[in-house]
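Residue-level structural notes
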Amino acid sequence: MARITRYSKFEGELDQLDSSELMQMIQEALLGQGMNDPYDPDPNARPSMDDLFDAILEALAERNMIPEEQLLEAMQSADIHDTALGQQIKNLMDKLQQDGFIRKEFEDQDGQGGAGQGGEATFQLTDKSIDFLGYKSLRDLMGGLGRSSAGAHDTREYASGVEMSGELKNYEFGDTLNLDTTATLGNVLSKGLENMEESDLVIRQAEYNSSAATVVLLDCSHSMILYGEDRFTPAKQVALALAHLIRTQYPSDTVKFVLFHDSAEEVPVSKLAQAQIGPYHTNTAGGLRLAQQLLKRENKDMKQIVMITDGKPSALTLPDGRIYKNAYGLDPYVLGATLREVANCRRSGIQVNTFMLARDPELVGFVKRVSEMTRGKAYFTTPQNIGQYVLMDFVTNKTKLVN
């Protein structure tokens, strides 16, 4: 049962609830799969304004924030939308629009959304919402680690010509001449400047902060919401937190996101929060192939793939574009194609770090093989702690890769 908290200052004054606090209260509903059918998920499903109404109502009820007289009236009414409570929730929804957290749209007959009047009213999360949810996810996850903030990727490798805060060393051919005048003069004054040699030069090293390009591979196959557990929502929270961390703390880094299921496609961070589960199977090879294509465009010191999944490869894109599927066991054909993509990652210098949300023996063997081939790491985690593993790995990874 959710922890119940009473906010007495809102008794009878729900319209005074701040939009950012309301967003915090409903963030799991906004990111979650509760607005989709877990047994027959629709990857194109879009949350409606009625879904938003229900999410706000549930959040208020869980926190015991609804005045008793309004709750009693709502329980006795044939339609809660016509009650005082219903009107206040509608006011809160309007406030979310006015404050720029959501954008109301209408689904037309052909499924195309638009701002004008049409079919069922839906909503989209704005860039402000995405940034807020990323910040909240990052703060919650880093708070769980006992950290209030994260700094830059500091490596133990030194290089001349970046930031002069390192140790002294004798000059070697190829070094940038960040000359330490005092140490150099100390070497040559005793024998005279006319006798100075290259070996007398002393430079001050600089700490080297490497830049990284990351592609996050998110499994959105059916198993991610089956078996009574939603694994996809925590994965999306991790992805949003990572995007916020990189944007605010590591501006020279890049991060992109790929969803893989029967096939694979890149999804912008603005669409990630409302991404849905489906189609059904797990085309790991397709996801790895697309991730490599994205990383080849990046001119970064390090390139890595962060793969979050809970299942074995079970699908493959054939040369003619058809999807070959086999959900029973590790199909040798699918496995072979997947490992070939892993080998391509290794040849391109791309590390694959896998965060596995299941522990089946076949999966353990597959993940270990992927990690060995790319000198990556494998983590067998749960939806509850995956965020801490991913963020800690990201913060320390550049040091480990450089060394």
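For the structure itself, look to the data block above.
An account of the accompanying structure is given in this report. As the structure is a computational prediction, the values presented were derived from the model and not from experiment. (Residues numbered from 1 in each chain as written. Predicted model: local features only at pLDDT ≥ 70, side-chain atom pairs only at ≥ 80, totals over all residues. Heavy atoms only, no water.)

Details of the packing of aromatic side chains
- One pass over the full model with this rule turns up 4 aromatic pairs.
- Grouped by ring-pair contacts, the aromatic residues Phe355, Tyr379 and Tyr389 constitute a single cluster.
- The ring of Phe101 is capped by Lys128, whose NZ or CZ atom sits 4.6 Å from the centre of that ring. (Phe/Tyr/Trp six-rings, centres within 6.5 Å; stacked < 30°, edge-to-face > 60°. Lys NZ or Arg CZ within 6 Å of the ring centre and 35° of its normal.)

Considerations on the sheet that holds strand β14 (residues 350-356)
- The mixed open sheet is built from 6 strands, whose spatial order is β10-β9-β8-β11-β14-β15. Unpaired on one side and paired on the other, β10 (264-266) and β15 (378-380) mark the two borders of the sheet. The average undirected angle you get between the axes of adjacent strands in this sheet is 20 degrees.
- Sitting on the sheet, helix α9 (residues 284-296) is in contact with β8 (212-219), β9 (254-260), β10, β11 (302-309) and β14, with an inclination near 160 degrees to β8. (Pairing = 2+ DSSP bridges. Helix = DSSP H or I, 4+ residues; strand = E, 2+ residues; numbered from the N terminus. Axes fitted to C-alpha atoms, helices over the stretch in contact; angles between N-to-C directions. Contact = heavy atoms within 4.5 Å.)

Quick word on the pairing of β14
- Counting buried residues along β14, 7 of its 7 residues qualify, which places the element largely inside the surrounding structure.
- Burial of the side chains of β14 extends over both faces: Ile350, Val352, Thr354 and Met356 are buried on one face and Gln351, Asn353 and Phe355 on the other.
- When β11 meets β14, the two strands line up parallel, connected through 7 bridges. Within the sheet, the bridge partner assigned to Val306 lies in β14 and is Asn353.
- For β14 and β15, the ladder comprises 3 bridges, and the chain directions are parallel. (Buried < 20%, exposed > 50% of the residue type's maximum accessible area, 1.4 Å probe, protein only.)

Here we look at a negative patch on the surface
- A cluster of acidic residues, Asp50, Asp54, Glu58 and Glu120, forms a negative patch on the protein surface.
- Relative to the helices and strands, Asp54 is located in helix α2 (residues 49-62).
- Residue class for Asp54 comes out partly exposed when judged on its relative accessible area of 42%. (Patch = residues over 30% accessible without salt bridge, like charges linked within 9 Å, V, L, I, M, F, W, Y side chains within 5 Å. Areas by Shrake-Rupley, 256 points an atom, 1.4 Å probe, with all protein chains shown as cover. Salt bridge = Lys/Arg side-chain N within 4 Å of Asp/Glu carboxyl O. Lys, Arg positive; Asp, Glu negative; His and termini not counted. Charge placed at Lys NZ, Arg CZ, Asp CG, Glu CD.)

Some points on the environment of His261
- With respect to the secondary-structure elements, His261 resides in the loop between β9 and β10.
- By relative accessible area, His261 is classed as buried at 6%.
- Sequence-wise, His261 and His281 are 20 residues apart; in three dimensions their C-alpha atoms are separated by 5.1 Å.
- Apart from residues lying up to four places away in sequence, His261 is in contact with Cys220, Gly278, Pro279, His281, Thr282 and Asn283.

Some points on unusual backbone geometry
- A cis amide bond, omega -5 degrees, links Gly278 with the succeeding residue Pro279.
- Note that Pro279 resides in the loop between α8 (269-272) and α9.
- Phi angles above zero are rare outside glycine, and Arg375 is one such case at about 55 degrees.
- Relative to the assigned elements, Arg375 resides in the loop between α11 (361-374) and β15.

Focus on the environment of Arg231
- For Arg231, the position within the fold is in the loop between β8 and α7 (232-249).
- Spatially, the C-alpha atom of Arg231 lies 7.7 Å from that of Leu357, the residues being 126 residues apart in sequence.
- A distance of 3.0 Å separates polar atoms of two side chains, one belonging to Arg231 and the other to Glu229. (Polar contact = N/O pair within 3.5 Å; in protein donor to acceptor, adjacent residues only side chain to side chain.)

A word on the packing of helix α1 (residues 19-31) against α2
- Where α1 contacts α2, the axes come no closer than 9 Å and their chain directions differ by 120 degrees. The orientation of α1 with respect to α2, classified from their angle, is oblique. Judged by the twist between their axes, the crossing of α1 over α2 is right-handed. Counting all contacts with α1, which are made through Leu22, Met25, Ile26, Ala29 and Leu30, the residues of α2 involved are Leu52, Ala55, Ile56, Ala59 and Leu60.
- Split into classes, the residues belonging to the contact of α1 with α2 amount to 10 nonpolar, no polar and no charged. (Parallel < 35°, antiparallel > 145°, perpendicular 65-115°, else oblique. Left-handed = near helix turned anticlockwise from the far one by under 90°. Nonpolar A, V, L, I, M, F, W, Y, C, P; charged D, E, K, R; others polar.)

Structural notes on the environment of Val267
- Relative to the helices and strands, Val267 resides in the loop between β10 and α8.
- The spacing of Val267 and Lys256 is 11 residues in sequence and 7.8 Å in space, taken between C-alpha atoms.
- Setting aside residues up to four positions removed in sequence, Val267 forms contacts with Phe257, Leu259 and Leu272.

Topic: helix α4 (residues 84-98)
- Compared with an ideal rise of 1.5 Å per residue, which puts 15 residues at 21 Å, α4 spans 21 Å between its outermost C-alpha atoms and is within 8% of the ideal.
- All of the buried residues in α4 are Leu85, Gly86, Gln88, Ile89, Leu92, Met93 and Leu96. The buried residues of α4 occupy one face: seen down the axis, they fall within an arc of 165 degrees.
- Following α4 by one or two positions, Gly100 adopts a phi angle in the positive range, close to 80 degrees. (Expected span 1.5 Å × (residues − 1). Arc of directions from axis to C-beta.)

With respect to the nonpolar core
- Core analysis: the biggest nonpolar cluster contains 67 residues, and Ile26, Leu52, Ile56, Leu60, Leu96 and Ile308 have the highest contact counts within it.
- In terms of residue count, α7 provides more of this core than any other element does, 10 residues in total.
- Among the nonpolar cores identified, the runner-up in size contains 28 residues, and Leu294, Ala343, Ala358 and Phe366 belong to it. (Core = buried A, V, L, I, M, F, W, Y, C linked by side-chain atoms within 4.5 Å.)

What to know about the pattern of salt bridges
- In this structure the tally under the stated criterion is 10 salt bridges.
- We note a salt bridge from Arg231 to Glu229, for which the minimum N-O separation is 3.0 Å.
- A single salt-bridge network, built from bridges that share partners, covers Glu229, Arg231 and Asp310.

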